[in-house]
Amino acid sequence: MIKVLAVCGNGMGTSLVIKMKVKQFLDKQGINASMESCSLGEAGGYMNQGVNIVLCSKNLVSNLHAPEGVHVIGLVNLMSAKEFGPQIMNVVNEHFPGEMGK
Amino acid sequence: MDVVLSIFMGFINKFLGQPALLLGTLTFVGYLLLGKKWYDSLAGFIKTYVGFKILQVGTGGLVGTFKPIITSLSDRYGITALVIDPYFGQTSATETLDHFSSLQFVGYVMLIAFLLNIVYVALRKFTKIRTLFITGHIMYQQSAVLLWAMYWVIQGTGGQPASPFLVLVIGLLMGTYWSVMSNLVIEATQEVTDGAGFTIGHQQMFGAWLAYKFAGKIGNRKHDVNHVEAPGFLSILNDNVVANTMLMTLFVGTIMVILGKDSFNYDTNKYFFATYVFEQTALFAVYIAVLQQGVRMFVAELTASFKGISDKLLKGSVPAVDCAVTFGFSPNAPTFGFMFGFFGQMIAILTLIVLKSPVLIIAGFICLFFDNGTLAVFANKAGGRRAAAVIPFIAGLIQVFGSALVLTVLKDGPAVIGWMGMFDWATLWSGAVLLTDKLGIIVPILMIPLLMIIPQFQYKHYKETYFTTMRDTKLAAAE
């Protein structure tokens with residue numbers, strides 16, 4: 001199972017919206033994944049616990065300090081599956097081909 | 001007959017009268033209606049319940065930390081110091097309502113408002129409302145704060161629980177505000193986000209609309225703020241724990257130092273005064289983090305449940321979401337907004353001190369960053385960097401003065417530590433509460449039809465694209 005994390009500044013509204021949108025997308029693609037959302041301040045802790053993909057606004061990417069092996073996807077339009085969809089699929093195809101649904 | 005009645009009343013008081021149980025039940029029923037398994041629904045109930053209890057640990061801790069400092073300052077100098085930050089407003093609201101056995105009514109206000117929003121969209125042919133508010137933490141926060149403020153100015157001194165009629169009126173007014181203002185700011189949000197298909201459902205919808213409308217007169221949209229290099233150290237403000245602690249150390253720390261070490265009971269074997277002050281001010285960040293953990297837990301469940309219901313009932317409404325979703329479209333603007341909003345608020349606070357105002361305002365992080373950040377994003381789109389500086393600066397002044405005014409009538413409640421401060425709450429709602437204080441419940445009642453006139457004008461203005469914008473965005477939202 002892939003672990004996906006949605007991050008925003010305060011961890012309240014925006015990351016929850018990303019989480020709902022992305023979860024919808026992952027389910028539709030049949031990708032075996034779990035999703036969490038949190039604030040930037042908490043992201044470090046999550047990322048050390050085996051998160052595979054992190055999604056956040058582009059301007060937060062430089063604050064994340066993601067450890068090696070965590071794939072960070074920075075977005076402009078957090079609501080757009082057109083934007084995050086292909087990027088997630090690239091990471092999944094390349095690194096987690098076993099989690100792809102039929 | 002009496003037995004049935006007493007069982008029924010017991011159920012009302014001891015079950016539906018308990019806010020955590022009520023919200024948990026809402027989630028549970030919502031999940032069942034969505035066809036979720038009984039055990040998933042049960043998990044939703046538990047997480048809502050536990051989340052709400054965690055939230056109360058946070059709000060209790062905030063009041064417990066801050067109230068002694070406020071009391072000490074007010075005993076010594078006759079000044080009431082209050083924080084303008086939504087979590088301080090929310091805490092004042094829920095702790096005060098709880099004191100008068102009225103906290104559970106917040107759940108009813110939220111439910112009435114949400115259902116009314118659905119009805120407005122379903123009848124969009126007549127109401128011209130296209131948007132559905134799904135920002136769960138804001139819905140809870142606003143329902144709590146509006147009910148508290150109106151309760152306090154209408155009934156507060158009697159000490160009775162909020163009347164059912166008041167709860168109904170506030171629910172209808174809240175739902176009307178969500179619908180009308182998120183709908184008002186659609187066109188501007190579409191511009192800001194290049195037609196991303198959502199609108200803002202937050203605390204400064206009216207403010208963002210104003211910012212977009214007037215920014216063109218202040219600056220030139222070609223001088224985009226995103227062409228300016230922002231100082232690197234400001235990026236630590238993106239982390240709420242760091243920012244909360246720094247601001248509270250600066251402001252509350254100053255107050256504690258002015259009060260002097262003799263005003264506080266602390267173990268001088270364990271602390272220097274400075275480390276004690278830092279521990280106390282850092283506790284604000286601690287309790288805000290606890291509070292947010294609780295809100296996130298119960299709001300995630302409640303929002304999923306609400307959203308599921310609305311998806312079933314309504315196809316093609318535009319979702320109204322958190323303001324920070326726009327930040328990605330204009331990465332420099334929020335920092336710009338923060339800086340100039342900060343200058344504005346500081347000047348306003350100094351003015352309050354010079355004028356010897358009975359209410360002293362302490363700047364809060366959420367209001368400074370997210371409110372002025374959003375205004376800067378909208379201002380920048382229409383008026384470039386100049387507007388993104390001038391408008392948050394003016395907003396900073398308004399946030400402080402508007403909040404100080406409304407707090408003069410609210411500050412004597414049992415657990416008041418602050419007010420929202422966000423733009424709409426320093427203007428529209430501050431004014432509404434002050435007017436209601438003078439004229440009574442007729443003000444919130446009249447506001448409902450008055451607000452509903454706004455989308456009619458908007459429809460006249462955008463007639464050709466009014467509902468097609470919505471159809472496009474429907475596609476965008478459903479992609």
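From a predicted model like this one, the values you see are computed outputs, not experimental measurements.

Criteria and thresholds
Residues numbered from 1 in each chain as written. Chains lettered and ligands numbered in written order. Predicted model: local features only at pLDDT ≥ 70, side-chain atom pairs only at ≥ 80, totals over all residues. Heavy atoms only, no water. Core = buried A, V, L, I, M, F, W, Y, C linked by side-chain atoms within 4.5 Å. Buried < 20%, exposed > 50% of the residue type's maximum accessible area, 1.4 Å probe, protein only. Helix = DSSP H or I, 4+ residues; strand = E, 2+ residues; numbered from the N terminus. Salt bridge = Lys/Arg side-chain N within 4 Å of Asp/Glu carboxyl O. Polar contact = N/O pair within 3.5 Å; in protein donor to acceptor, adjacent residues only side chain to side chain. Contact = heavy atoms within 4.5 Å.

K.L.:
How should I be thinking about the nonpolar core in this particular structure?
P.N.:
Most often, soluble globular proteins have nonpolar side chains that are buried together. One finds B:F66, B:L410, B:W419 and B:W425 to be the most contacted residues of the largest nonpolar core, which totals 179 residues. When residues in this core are grouped by element, the largest group, 22 residues, is from helix 14 (residues 365-410) of chain B. A:V7, A:L40, A:A43 and A:M47 belong to the second largest nonpolar core, which has twelve residues in total.

K.L.:
It is not clear to me how the pattern of salt bridges should be interpreted in this structure. Could you clarify?
P.N.:
Under the definition given, this model contains six salt bridges over all chains. For A:D27, the salt bridge is made with A:K23, and the minimal N-O distance between the two is 3.2 Å. With A:D27 and A:K23 both in helix 1 (residues 14-29) and four residues apart, the pair spans about one turn of that helix. You can call A:D27 partly exposed: its relative accessible area is 46%. Classification of A:K23 by relative accessible area gives partly exposed; the value is 28%. Taking the shortest distance from any N to any O, the salt bridge between B:R130 and B:E187 comes out at 3.1 Å. Linking B:R130 in the loop between helix 6 (124-127) and strand 2 (131-133) with B:E187 in helix 9 (residues 186-192), this pair joins segments that are 57 residues apart in sequence. Residue classification places B:R130 among the buried positions, given a relative accessible area of 0%.

K.L.:
Just to check I follow, could you spell out the side chain of B:Q458 for this structure?
P.N.:
All names here are of chain B. By the secondary structure assignment, Q458 is in helix 17 (residues 442-461). Owing to a relative accessible area of 6%, Q458 belongs among the buried residues under this scheme. Reaching out from Q458, the side chain makes a polar contact with the backbone oxygen of L184 at a distance of 3.4 Å.

K.L.:
Would you mind going over the interface of chain B and chain A with me for this structure?
P.N.:
Interface extent is often summarised as the accessible area lost during association of the parts. Across the contact, 29 residues belong to chain B and 27 residues belong to chain A. Scanning the region where chain B abuts chain A turns up one salt bridge. Between chain B and chain A we count four residue pairs in polar contact (both at pLDDT 80 or more) in total. For the side of chain B that touches chain A, the secondary-structure elements that each account for two or more residues are helix 12 (273-313), strand 4 (318-321) and helix 14 of chain B. Considering each element in turn, the side of chain B that touches chain A owes the most residues, eight residues, to helix 12 of chain B.

K.L.:
For this particular structure, what's the right way to read the side chain of B:T436?
P.N.:
Summarising the element assignment, B:T436 is placed in helix 16 (residues 428-439). The class of B:T436 is buried, set by a relative accessible area of 0%.

K.L.:
Would you mind going over unusual backbone geometry with me for this structure?
P.N.:
Note: most residues except glycine have negative phi, and most peptide bonds are trans. Positive phi, normally seen in glycine, also occurs at A:H65, with a value near 50 degrees. Relative to the helices and strands, A:H65 resides in the loop between helix 3 (61-64) and strand 4 (71-75). Although it is not a glycine, B:K128 adopts a positive phi angle of roughly 65 degrees.

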